[in-house]
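# Overview (structure and organization)
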Amino acid sequence: MDEICERGGLEALVQAAREREDWFCAAGAVRELCEVGEFGRAWTVVEPFAATRWQPAVRVGADVLLRWGRVDQALELARPQGPQENAVDALRDYAEVLVRVGRVEEAIGALGPQLRGGRVLGGLVEMTEGQGCDERVLELLAPIAEEFRRDPKQSGVRDLWEILPA
């Protein structure tokens, strides 16, 4: 994709994304369009993919919308909708959008019920770093850490030490 764009092939990527429904062409085109500030065009490229609720496309679509200043639309797109095969990824992506728009407490609340999953717990620690909510995160982590200390196999957390930053 990079080489195609470097050789002036942005329009070819946009066309391939539209006509062949090629995700890789769409992702490359969206990246290039966003770099030059053409967020509206980037959205028209990614929107058909995001409409399928395929998580990688939802993630890219929400990013485009945020960069374009369409916060409510980005939140609506990223909000998980019912049971999904990739529910943990969808929830984590939604929480990341919440953090990006300054709604850290809502992100913590959204992830709270799923914290025993390593990817969710690790995501919470990463996305709230430097957000001024360490005390709140520690309150949520303390009972999980205690359970892990008592019986790592029964705690529901694979490896707490991999999750926490050094």
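What you see is a predicted model; the values in this text were computed from it and never measured.

Moving on, we get to the overall build of the chain. The helix and strand tally for the chain stands at 11 helices and 0 strands. Counting from the amino terminus, the chain carries its helices and strands in the arrangement α-α-α-α-α-α-α-α-α-α-α. Out of the 166 residues belonging to the chain, those deemed buried represent 41%. Contacts spanning at least 24 positions in sequence make up 46% of the contacts within the chain whose residues lie at least 6 apart. Of the roughly 9,600 Å² of accessible surface on the chain, 50% is carried by carbon and sulfur atoms.

Quick look at the packing of helix 5 (residues 55–68) against helix 7 (residues 87–100) now. Two quantities define a packed helix pair, namely the angle between the helix axes and the distance between the axes. Here helix 5 crosses helix 7 at 10°, and the two axes come no closer than 10 Å. Put simply, helix 5 runs roughly parallel to helix 7. In this structure, helix 5 uses Gln55, Arg59, Ala62, Asp63, Leu66 and Arg67 to contact helix 7, whose residues at the interface are Asp89, Ala90, Asp93, Val97 and Arg100.

Further remarks concern the environment of Gly102. Tracing the backbone through its elements, the reader meets Gly102 in the loop between helix 7 and helix 8 (104–111). Linking Gly102 and Gln131, residues 29 residues apart in sequence, is a C-alpha distance of 8.9 Å.

Calculation criteria
- Residues numbered from 1 in each chain as written.
- Predicted model: local features only at pLDDT ≥ 70, side-chain atom pairs only at ≥ 80, totals over all residues.
- Heavy atoms only, no water.
- Helix = DSSP H or I, 4+ residues; strand = E, 2+ residues; numbered from the N terminus.
- Buried < 20%, exposed > 50% of the residue type's maximum accessible area, 1.4 Å probe, protein only.
- Contact = heavy atoms within 4.5 Å.
- Areas by Shrake-Rupley, 256 points an atom, 1.4 Å probe, with all protein chains shown as cover.
- Axes fitted to C-alpha atoms, helices over the stretch in contact; angles between N-to-C directions.
- Parallel < 35°, antiparallel > 145°, perpendicular 65-115°, else oblique.

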